[in-house]
There are 2 protein chains.
Amino acid sequence: MVKIFWEKKKGGTITSPQGFFASGLHTGIKKNKQKFDASLIVSQTPCAAAGTFTTNRVKSWCVLHAMKGIRHSYHRAVLVSSGNANCMNGPQGKKAIEECVGETARLLNIPEEEILTAQTGLIGSPFPTDVLKSGLPKLFRRLSEDGGHAAAKGILTTDRNTKETALSFFLGDKKVTIGAIAKGAGMVHPNMATMLCFITTDAAISKPLLSRAIRHAVDNTFNKISIDNDMSTNDMVFVLANGVATNPIIQNVDRDYRMFRDALEEVCRAMAYKMVKDGEGVNHVCRLRVFGAKNPTEAEKAARQIANSMLFKTMLSGANPNWGRIAAAIGASGVVFNPDQLSISFGNAHVLSNGSLRAAHIPKAERVLYKRDYTIDVTIGKGRGRAEFLTSDLTTKYVVINASYS
Amino acid sequence: MVKIFWEKKKGGTITSPQGFFASGLHTGIKKNKQKFDASLIVSQTPCAAAGTFTTNRVKSWCVLHAMKGIRHSYHRAVLVSSGNANCMNGPQGKKAIEECVGETARLLNIPEEEILTAQTGLIGSPFPTDVLKSGLPKLFRRLSEDGGHAAAKGILTTDRNTKETALSFFLGDKKVTIGAIAKGAGMVHPNMATMLCFITTDAAISKPLLSRAIRHAVDNTFNKISIDNDMSTNDMVFVLANGVATNPIIQNVDRDYRMFRDALEEVCRAMAYKMVKDGEGVNHVCRLRVFGAKNPTEAEKAARQIANSMLFKTMLSGANPNWGRIAAAIGASGVVFNPDQLSISFGNAHVLSNGSLRAAHIPKAERVLYKRDYTIDVTIGKGRGRAEFLTSDLTTKYVVINASYS
């Protein structure tokens, strides 16, 4: 693990890295005129780009378009719209993207292949191509170095807050910045859970290593959060690296690569935390750590089963240290463990120790669960495998939000 | 498929088959004196017995005891208690069962090996052995031919209603009866989801075939319901066959076996339906059918993913035909399918037909979802694989019940 010195930027966003411009506005896809529904992110120079995509077999047209488009050697822009997922709406959805990308390419005076797209919102509806197209000239004119905040608004659906971050660190004597905006998971209203994250950096890094770094970061962060158990048709994470920081280009798995990879993971972790915190109806964010498994895979299996358990999540919403639900979830996960070696701590309240209840610690555990953020540690044996998840409570508000149609 | 002629017994219960006696009462395990917390089921003659058990690695002492006990050649009685799961409470829990079984054997004047046990309730608490033991003489004295209804009460925790059924059919000129009582799944208050089902029959059938029939029935019914995604530490299904109907003993896979197996499945299906209907906070029961999969395994995979999806379940509670959530759930299931061949019907409202939305049918679909019971049919392709699940809506009440500790 390389020690990193970095600085979290106050008010940091996707335009914090040098050479990036962004904008966001209301075009009319969403009915509420106060809500932005389109964003544009542009780099002044060509970028190496990489991304990860939903593995759902039902994919939005934007996912299909981006999965193909990401293979291009370099990219310059990302066009995002919210309010319509452009999914399961027939061939019209494909044409919608082609038209909007064509118009964006004309405005930016770059080839269409250099534009990536993402969309989020209601699935199964015809995409309002003309609405978005008519907004593109204004979106283009508003592009600015401070436009990250506006862009952060244009990608949201039911999120209560924008999700933005940036951090800087040094590669040799060059200051490098990574910025990100995101839209939360479990944001299901009215139809579909979706997470989106767009990351920019002025670091110089080769496309293959950027791709490797983003897969590593996504696997350790976005793939280890749990709001509900559902998988979207539109999930995407993009990262664009334009090299404006003029560091020696990262093209080997060396110290610079590891620093960049760790910083990227930190940015993704910050975004993942904001997503969980802003999850539908969420009151509590729980960092769940599993220790002592045979190996990391087994630890992850146990952690995932606990993190996704509805009984565990309702327990968090009630702030009740019902450790039996944790034990039952591990037992159901298929992981081999000995209940007599099971230990469970709520924050610093060690409620179960090697299978024995320490009832005196229950009141302390209750106080921990009343907090907004806390850690639950579960030790399932004597192995060295460990895993960490970010999870949230399941509240009546979640049900109310997702039971309503529009 | 053998055609069966049978009669559903009104007021049928576990003592409807000949030669069974039962009782139920309040011993003091539960604080509320109005609530029964112990039941005893006894056959006048030795029974072939078979059972299925939770696959959770964390098992109650009663599950460990019964898994071993079920290997005995014949059985005479089942002792059940509710209010304490007797799970993860140290060696005291094992001793509790041995003492209570010993006392029951003495009262019934039968060997201990002929007694099966089941328990349900709060996990992690010491078992109140003396409380249950002191109630056993009265439980024994109250055994009667009409005691099934009392026994049905003694096994409940948060269930709103007792779950009882019985049906009769003829094997040759002998009338055979199967009766059952159950305790619901997703009955989690305060700590743990648990389902229990006890079945009696006066049919004569060999132990191996009884075991085969019950596995078949459980797999087609209890294993295909979804209230929450959690697996209990205490799940059990027992069936006892005492042969008092004097039919020629079923010991081959013949017409009589198939009739018995189908009747047993029907009894389990009735119990499964009652469990879902009485699930915590449940307002709607949905029969979910998946057609057109490559094979039954793929169909089951798709059905299970839909049935367990929180977005699908909240959609049911809101009575909104958001078919996109169904499509997304199938897409996430790993099943290979072509979205262009996907059809979805809510009752008789065909909302999606070969991937095309029929928007005019949405209002009709809404009316279907307002009903207490309905069927949702999903066709995912042109294969012959099909599967059926019983599932329920996820309501704010579920969250409220499971967020409260005691």
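What counts and how
Residues numbered from 1 in each chain as written. Chains lettered and ligands numbered in written order. Predicted model: local features only at pLDDT ≥ 70, side-chain atom pairs only at ≥ 80, totals over all residues. Heavy atoms only, no water. Contact = heavy atoms within 4.5 Å. Buried area = accessible area lost by both parts, 1.4 Å probe. Salt bridge = Lys/Arg side-chain N within 4 Å of Asp/Glu carboxyl O. Helix = DSSP H or I, 4+ residues; strand = E, 2+ residues; numbered from the N terminus. Nonpolar A, V, L, I, M, F, W, Y, C, P; charged D, E, K, R; others polar. Buried < 20%, exposed > 50% of the residue type's maximum accessible area, 1.4 Å probe, protein only. Least-squares fit on C-alpha atoms with pLDDT ≥ 70 in both. Pairing = 2+ DSSP bridges. Axes fitted to C-alpha atoms, helices over the stretch in contact; angles between N-to-C directions. Parallel < 35°, antiparallel > 145°, perpendicular 65-115°, else oblique. Left-handed = near helix turned anticlockwise from the far one by under 90°. pLDDT = per-residue confidence, 0-100. Polar contact = N/O pair within 3.5 Å; in protein donor to acceptor, adjacent residues only side chain to side chain. Phe/Tyr/Trp six-rings, centres within 6.5 Å; stacked < 30°, edge-to-face > 60°. Lys NZ or Arg CZ within 6 Å of the ring centre and 35° of its normal. Arc of directions from axis to C-beta. Lys, Arg positive; Asp, Glu negative; His and termini not counted. Domains from an automatic or database assignment.

Novice: What is the right way to look at the interface of chain B and chain A in this model?
Specialist: For an interface, size is often stated in terms of accessible area lost upon the parts coming together. Every contact between the two is made by 50 residues of chain B and, on the other side, 50 residues of chain A. Here chain B and chain A share an interface that buries about 4,200 Å² over both sides, 65% of which is from carbon and sulfur atoms. The largest share of the area that chain B buries against chain A comes from Arg57(B), Met88(B) and Met310(B), three residues that together contribute 17% of it. The tally of links from chain B across to chain A stands at zero salt bridges. Mapped onto the side of chain B that touches chain A, the elements with two or more residues apiece are α8 (310-318), α9 (323-332) and α11 (396-403) of chain B. At seven residues, α9(B) tops the list of elements feeding residues into the side of chain B that touches chain A. Residues that form the side of chain B that touches chain A fall into these classes: 28 nonpolar, 18 polar and four charged.

Novice: Where do I start with the side chain of Thr177(A) in this structure?
Specialist: Residue and element names in this part refer to chain A. Structurally, threonine 177 can be placed in strand β7 (residues 174-183). Judged by relative accessible area, which is 4%, threonine 177 ranks as buried. What threonine 177 contacts, discounting residues up to four positions off in sequence, is Lys9, Ser16, Pro17, Leu167, Ser168, Thr200, Thr201 and Asp202.

Novice: Please clarify how the relation of the copies chain B and chain A should be interpreted in this entry.
Specialist: A rotation about an axis combined with a shift along that same axis relates the two copies of the chain. Overlaying chain B on chain A yields an RMSD of 0.0 Å, the required transformation being a rotation through 180° with an accompanying axial translation of 0.0 Å. Here the transformation between the copies is reduced to the relation of a two-fold axis. Relative to the rotation axis, the C-alpha of Thr396(B) is the closest in chain B, positioned 2.2 Å from it. Both copies present the same face, since 100% of the interface residues in chain B are matched by interface residues at the equivalent positions in chain A.

Novice: I'm lost on the sheet that holds strand β13 (residues 349-353) of chain A in this one. Help?
Specialist: One key point about sheets: their strands pair by backbone hydrogen bonds, in either a parallel or an antiparallel sense. All names here are of chain A. Spatial ordering of the open sheet is given by β9-β16-β11-β15-β12-β13-β14, a layout of seven strands whose pairing is mixed. The sheet terminates laterally at β9 (225-226) and β14 (356-357), the two strands that pair on one side only. Bridging between strand β12 (residues 343-346) and strand β15 (residues 373-379) involves four bridges; their strand directions are antiparallel. Paired with serine 345 across the strands is aspartate 377, a residue of β15. Against the sheet, helix α6 (residues 255-277) contacts β9, β11 (285-293), β15 and β16 (385-392), and its axis sits at roughly 45° relative to β16. Relative to the sheet, helix α9 (residues 323-332) contacts β12, β13, β14 and β15, its axis offset from that of β12 by approximately 135°.

Novice: Sorry if this is basic, but what is going on with the packing of helix α2 (residues 92-108) of chain B against helix α3 (residues 129-141) of chain B here?
Specialist: Residues and elements named next belong to chain B. The interhelical angle for the contact between α2 and α3, taken along N-to-C directions, is 20°, at an axis separation of 10 Å. The angle between α2 and α3 falls in the class roughly parallel. When the axes of α2 and α3 are compared, the crossing they make is right-handed. Taken together, the residues of α3 that come into contact with α2 (itself represented by Gln92, Ala96, Glu99, Cys100, Glu103, Thr104, Leu107 and Leu108) are Thr129, Leu132, Lys133, Leu136, Pro137 and Phe140. The residue inventory of the contact of α2 with α3, partitioned by class, reads eight nonpolar, three polar and three charged.

Novice: Which parts of the structure should I look at to understand the confidence of the model for chain A?
Specialist: One rule of thumb: low pLDDT means the predicted coordinates there are not for detailed reading. On average, residues of chain A score 90 in pLDDT, and 94% of them reach the 70 mark or higher. Counting contacts from residues 187-193 of chain A, a segment whose pLDDT is below 50, to residues more than four positions away or on other chains yields 46 contacts.

Novice: What is the right way to look at the environment of Asp377(B) in this model?
Specialist: All names here are of chain B. Turning to its location among the elements, aspartate 377 is positioned in strand β15 (residues 373-379). As a C-alpha pair, aspartate 377 and glutamate 388 span 11 residues in sequence and 9.3 Å in three-dimensional space. Not counting residues up to four positions away in its chain, the partners in contact with aspartate 377 are Arg289, Phe291, Ser343, Ile344 and Ser345. A distance of 2.7 Å separates a polar atom in the side chain of aspartate 377 from a polar atom in the side chain of arginine 289.

Novice: Looking at this model, I keep getting lost on the packing of aromatic side chains. Mind explaining?
Specialist: Here the distance between the centres and the angle between the planes together describe a pair of aromatic rings. Residues and elements named next belong to chain A. Enumeration according to the criterion identifies four aromatic pairs over all chains in this entry. Measuring from ring centre to ring centre gives 5.8 Å for phenylalanine 198 and phenylalanine 238, while their planes differ by 40°; the resulting arrangement is tilted. In this pair, phenylalanine 198 sits in strand β8 (residues 196-201) while phenylalanine 238 sits in strand β10 (residues 236-241), placing the two residues 40 residues apart along the sequence. Per residue, the accessibility class of phenylalanine 198 equals that of phenylalanine 238, and both read buried. Every member of this aromatic cluster is reached through a ring pair, and the members are Phe53, Phe198 and Phe238. We note lysine 153 situated over the ring of phenylalanine 36; from NZ or CZ to the ring centre the distance is 5.3 Å.

Novice: Help me understand α11(B) in this model?
Specialist: An α-helical turn contains 3.6 residues, so any two residues separated by three or four positions project in the same direction. For α11(B), the complete set of buried residues consists of Tyr398(B), Val399(B), Asn402(B) and Ala403(B). Buried residues along α11(B) cover an arc of 120° about the axis, so they all sit on one side. Where α11(B) is buried, its residues contact α8 (310-318), α9 and α11 (396-403) of chain A.

Novice: How should I be thinking about the sheet that holds strand β13 (residues 349-353) of chain B in this particular structure?
Specialist: Residues and elements named next belong to chain B. Taken in spatial order, the seven strands line up as β9-β16-β11-β15-β12-β13-β14 in an open sheet, and their pairing is mixed. Two strands close off the open sheet at either side, each with one partner strand: β9 (225-226) and β14 (356-357). With seven bridges connecting them, strand β11 (residues 285-293) and strand β16 (residues 385-392) associate as antiparallel partners. Residue valine 290 lies in a different strand from β16, and its bridge partner there is alanine 387. Relative to β16, α8 is tilted by about 60°, and along the sheet it contacts β9, β11, β12 (343-346), β15 and β16.

Novice: Explain the side chain of Asp256(B) to me, please; I cannot follow it from the model alone.
Specialist: All names here are of chain B. Position of aspartate 256 among the secondary structure elements: in helix α6 (residues 255-277). The side chain of aspartate 256 sits in the buried core without any salt bridge; arginine 255 is the nearest counter-charge, 4.5 Å away. Beyond its immediate chain neighbours, meaning those up to four positions away, aspartate 256 contacts Leu171 and Ile250.

Novice: How should the domain arrangement of chain A be read in this particular structure?
Specialist: Residues and elements named next belong to chain A. Segmentation of chain A into domains returns domain 1 (6-276) and domain 2 (285-403). Taking only C-alpha atoms into account, the centre of domain 1 sits 33 Å from that of domain 2. The interface of domain 1 with domain 2 comprises 13 residues on the first partner and 16 residues on the second. Carbon and sulfur atoms make up 48% of the area that domain 1 and domain 2 hide from each other, which totals about 1,300 Å². Considering only the side of domain 1, the residues that lose the most area to domain 2 are Lys224, Ser226 and Tyr273, jointly responsible for 43% of the buried surface there. For the pair domain 1 and domain 2, the interface holds one salt bridge.

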